[in-house]
Amino acid sequence: MNKVEPHHTIQPAGTMPKKVAVLAYDQLCTFEYGIAIEVFDTIQSKTAPLYQAETVPIESGNLRLAGGLRTQCVAQLERLAEFDLIIVPGWPLHKKVSSEMASALQNAHEAGARFMTICSGIFLLGRAGLTANTNITTHWQYIDQLRAEATSENVEDNVLYCGTGQIMSSAGSAAGIDLALEIVRQDFGTKEANRLAQRLVLPAHREGGQKQFVPRPVAHAQKSGFAKYLDEVRQKLDQSWTVKEMAALCHMSERTLMRRFQEVMGLSPSQWLIQERVFFARSLLEEDHFTIDEIAQKAGFNTPETMRHHFRTHLKISPVVYRNNFRQK
């Protein structure tokens, strides 16, 4: 299930790049900072920049970075309202948020900026008063503290990323890459997001609703052949694939299959299957080769009505509108 709700107009590649601010602060999380710079600055479209990223200090002085690095900065809080997307690359939980910092973030929010937080970065936005009545998440180690602080928010405790309106948050540090790619996908389409994923040598897509912490490592499923069977299902999405049929393919009982899916994927087999079908249909809709009816058949929805229902449920958009927005020109 897609856990970030689109709320903005999709922008064709080649138009004016979106302005991105990556916040810098004392005790900056350098890995999270690197994620933001890599996706929104270092890697760009083949034809034109998608984003224009800048590092924007929100504190003055000799800022210490994780790993022993130091840099001298002057705060640029007044500039935050200029940006389309503001990224918070982590936030030390013991740090307090000054009134000046909170006011600048609130002004940017009122100006229409979107916010993306990585790992503990959501604590900065929460303490600045930006997250009321939104869906938010953080690393599983910090969930209890977030829930204690965020009394008017819906804290999602087992997702990779989620979002409501202008506020988007990710779980652990690496989940920030998944959220970054999801933002690119929403802004410029699946092909651009997939191209960036290839450059990063990463899986093309992990849905936000996927479980962020599993009791067994995914490698255990791969060694047992579980992943191999799921790949086979992905190659034959046009088939019916009842739970009974999937269990037979995996040489498991239906009960064992249900348990393994919850342990490894955090989803039921039917939820996972719908997720895969929606993602496959999205890639086909970006091409002109197939009609809506043909795509519904190829993705296993069988009818356009069923496909439309699942698109509305998971993406808040119809297949036709998705095609109009993301079709390759």
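Just so we're clear, the structure is a prediction, and the values are computed from it rather than from any experiment.

Participant: Describe the nonpolar core, naming the residues involved and giving the relevant values.
Facilitator: Counting residues in hydrophobic clusters, the biggest one holds 33 residues, and the most contacted among them are L23, I58, L80, I86, L105, F115 and L124. Every element with two or more residues in this core is listed here: β1 (18-24), β5 (85-89), α2 (99-110), α3 (122-127) and α4 (143-149). Here the element with the most residues in this core is α2; it accounts for five residues. When neighbours within four sequence positions are excluded, I86 is seen to be in contact with A21, L23, L80, A108, A113, R114, F115 and M116. Core analysis: the second largest hydrophobic core is formed by 31 residues, M116, A171, A175 and A193 among them.

Participant: Could you give an account of the packing of helix α11 (residues 269-285) against helix α14 (residues 319-326), naming the residues involved and the relevant values?
Facilitator: The relative placement of two packed helices is expressed as an angle between their axes plus a distance between the axes. Their axes nearest at 9 Å, the elements α11 and α14 cross at an angle of 50 degrees. Taken together, the axes of α11 and α14 lie oblique to each other. For the pair α11 and α14, the crossing hand works out as right-handed. Residue-level contacts link R282, L284 and L285 of α11 to P319, Y322 and R323 of α14. Grouping the constituent residues of the contact of α11 with α14 by class yields four nonpolar, no polar and two charged.

Participant: Describe the packing of α11 against helix α13 (residues 304-315), naming the residues involved and giving the relevant values.
Facilitator: The N-to-C vectors of α11 and α13 enclose an angle of 100 degrees; their axes lie 11 Å apart at closest approach. The pairing of α11 with α13 is recorded here as roughly perpendicular in orientation. Along its contact with α11, which presents I274, V278, A281, R282 and L285, the element α13 presents M307, H310, F311, H314 and L315. Here the contact of α11 with α13 is built from residues that sort into seven nonpolar, two polar and one charged.

Participant: Residues and numbers for helix α6 (residues 190-200), please.
Facilitator: Of the residues making up α6, those classed as buried are T190, E192, A193, R195, L196 and A197. Directly after α6, the chain includes V201, whose backbone phi takes a positive value near 55 degrees.

Participant: Residue-level account of the pattern of salt bridges, with values.
Facilitator: Where charged atoms from two side chains of opposite charge come close, those side chains can pair. Per the counting criterion, the structure on display carries 17 salt bridges. Between R64 and D26 there is a salt bridge whose closest N-O contact spans 2.6 Å. With R64 in strand β3 (residues 61-64) and D26 in the loop between β1 and α1 (30-42), this pair connects stretches of sequence that are 38 residues apart. Judged by its relative accessible area of 35%, R64 is partly exposed. Overall, D26 belongs to the buried group, its relative accessible area being 14%. We note a salt bridge from E276 to R234, for which the minimum N-O separation is 3.1 Å. Residue E276 is located in helix α11, and its partner R234 is located in helix α8 (residues 226-235); the two are separated by 42 residues in the primary sequence. The class for R234 is partly exposed, based on a relative accessible area of 30%. One network of salt bridges, in which partners are shared, links K19, E54, R79 and E82.

Participant: Run through the side chain of Q166, naming residues and quoting values.
Facilitator: Relative to the helices and strands, Q166 is located in the loop between β9 (161-164) and β10 (167-170). A relative accessible area of 19% places Q166 in the buried class. Polar contacts involving the side chain of Q166 include one to the main-chain carbonyl oxygen of H109, which spans 3.0 Å.

Participant: With reference to specific residues and values, describe the confidence of the model for the protein.
Facilitator: With 87% of its residues at a pLDDT of at least 70, the protein reaches an overall mean of 87. Every residue in residues 212-223 is under pLDDT 50, and counting partners more than four places away or in other chains gives 23 contacts.

Participant: Lay out the pairing of β5 with the relevant residues and their values.
Facilitator: Of all five residues that make up β5, five are buried, and the element is covered over most of its length. With burial as the criterion, each face of β5 is covered, one bearing L85, I87 and P89 and the other bearing I86 and V88. Pairing of β1 with β5, which is carried by three bridges, proceeds in the parallel orientation. Opposite V20, over in β5, you have L85 as the bridge partner. Where β5 meets strand β6 (residues 114-118), five bridges bridge the pair, whose relative direction is parallel. Across the sheet, P89 pairs through a bridge with I118, a residue of β6. Once the chain exits β5 it traverses α2 before rejoining the sheet at β6, and the crossover so formed is right-handed.

About the thresholds
Residues numbered from 1 in each chain as written. Predicted model: local features only at pLDDT ≥ 70, side-chain atom pairs only at ≥ 80, totals over all residues. Heavy atoms only, no water. Core = buried A, V, L, I, M, F, W, Y, C linked by side-chain atoms within 4.5 Å. Buried < 20%, exposed > 50% of the residue type's maximum accessible area, 1.4 Å probe, protein only. Helix = DSSP H or I, 4+ residues; strand = E, 2+ residues; numbered from the N terminus. Contact = heavy atoms within 4.5 Å. Axes fitted to C-alpha atoms, helices over the stretch in contact; angles between N-to-C directions. Parallel < 35°, antiparallel > 145°, perpendicular 65-115°, else oblique. Left-handed = near helix turned anticlockwise from the far one by under 90°. Nonpolar A, V, L, I, M, F, W, Y, C, P; charged D, E, K, R; others polar. Salt bridge = Lys/Arg side-chain N within 4 Å of Asp/Glu carboxyl O. Polar contact = N/O pair within 3.5 Å; in protein donor to acceptor, adjacent residues only side chain to side chain. pLDDT = per-residue confidence, 0-100. Pairing = 2+ DSSP bridges. Right-handed = clockwise from strand over helix to strand, strands pointing away.

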